[in-house]
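Residue-level structural notes
In case you want the letters, here they are:
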Amino acid sequence: MYQTLAQVPPGQVVSYGYLAELAGLGRAARWVGRILAQLPKDTRLPWHRVIAADGRLSLAPDTPIGAEQRARLRAEGLVIRNNRVDIRRHVWHPNDAAVRVRPLPATTKPHVP
């Protein structure tokens, strides 16, 4: 997940769920959110580029971390209106198939009668 997140370029965003999918984690959007919340304060990963699937910024605007996310996104040229980014315009769609990580194996075995 960290390697995939590191590839999101300035001025573009990715949803929690799409980041999980690209990293081969399936439908692990909430897990991605928990991991991002635990990043060290001095991380160089672009955590601020991860937003909700509908373009909404998940971090509250009246918190220091929410204000930092908004400032970073604005510095990259994104416009924030009504606590949202135009995700259709700024979503990251990696062209390189190498970005996609191989999915995890299934956790359940198929039933064989």
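Residues numbered from 1 in each chain as written. Predicted model: local features only at pLDDT ≥ 70, side-chain atom pairs only at ≥ 80, totals over all residues. Heavy atoms only, no water.

1. Here we look at helix α4 (residues 64-75)
For α4, which comprises 12 residues, the first-to-last C-alpha distance of 16 Å matches the rise-based estimate of 16 Å (1.5 Å per residue) to within 8%. By the burial criterion, the buried members of α4 are Gly66, Gln69, Arg70 and Leu73. Across the axial projection of α4, the buried residues extend over an arc of 95 degrees, all falling on one side. Facing away from the buried side of α4 by more than 90 degrees, the exposed set consists of Pro64 and Ala75. Taken together, the buried residues of α4 touch β2 (50-51), β3 (80-81) and β4 (84-85). (Helix = DSSP H or I, 4+ residues; strand = E, 2+ residues; numbered from the N terminus. Expected span 1.5 Å × (residues − 1). Buried < 20%, exposed > 50% of the residue type's maximum accessible area, 1.4 Å probe, protein only. Arc of directions from axis to C-beta. Contact = heavy atoms within 4.5 Å.)

2. Observations concerning the pattern of salt bridges
Side chains that differ in sign of charge can pair as their charged atoms come close. Under the criterion given, the structure shown has 5 salt bridges. The partner of arginine 56 in a salt bridge is aspartate 54, with the nearest N and O atoms 3.9 Å apart. Between glutamate 68 and arginine 72 there is a salt bridge, with the nearest N and O atoms lying 2.8 Å from each other. Of the two residues, glutamate 68 and arginine 72 both sit in helix α4, 4 residues apart, roughly one turn of that helix. Owing to a relative accessible area of 31%, glutamate 68 belongs among the partly exposed residues under this scheme. Given a relative accessible area of 29%, arginine 72 falls into the partly exposed group. Salt bridges sharing partners connect three or more residues here, namely Asp54, Arg56 and Arg84. (Salt bridge = Lys/Arg side-chain N within 4 Å of Asp/Glu carboxyl O.)

3. Focus on the environment of arginine 72
Distance from arginine 72 to arginine 49, taken between C-alpha atoms, is 8.7 Å for residues 23 residues apart in sequence. Dropping the residues within four chain positions of it, arginine 72 is found in contact with Trp47 and His48. At 2.8 Å, the side chain of arginine 72 forms a polar contact with the side chain of glutamate 68. (Polar contact = N/O pair within 3.5 Å; in protein donor to acceptor, adjacent residues only side chain to side chain.)

4. Concerning the nonpolar core
Counting 19 residues, the largest nonpolar core has Met1, Leu5, Val14, Leu19, Val32, Leu36 and Val50 as its most contacted members. When residues of this core are traced back to their parent elements, those giving at least two are α2 (16-22) and α3 (29-37). Excluding residues that lie within four positions of it along the chain, leucine 5 makes contacts with Leu19, Leu36, Leu45, Pro46, Trp47 and Val50. Val13, Ile51, Ile80 and Val91 belong to the second-largest nonpolar core, a separate cluster that totals 9 residues. (Core = buried A, V, L, I, M, F, W, Y, C linked by side-chain atoms within 4.5 Å.)

5. A few points about the confidence of the model for the chain
Mean pLDDT for the chain: 87, with 84% of residues reaching 70 or above. Looking across the chain, the model is least confident in helix α5 (residues 87-90), with a mean pLDDT of 92, and most confident in β2, with 98. (pLDDT = per-residue confidence, 0-100.)

6. Things to note about the environment of tyrosine 2
Along the chain, tyrosine 2 falls in helix α1 (residues 2-6). Using a relative accessible area of 43% as the deciding quantity, one classes tyrosine 2 as partly exposed. Along the chain, tyrosine 2 and leucine 19 lie 17 residues apart, while their C-alpha atoms are 9.6 Å from each other. Not counting residues within four places of it along the chain, the set of residues in contact with tyrosine 2 comprises Ile35, Leu39 and Leu45.

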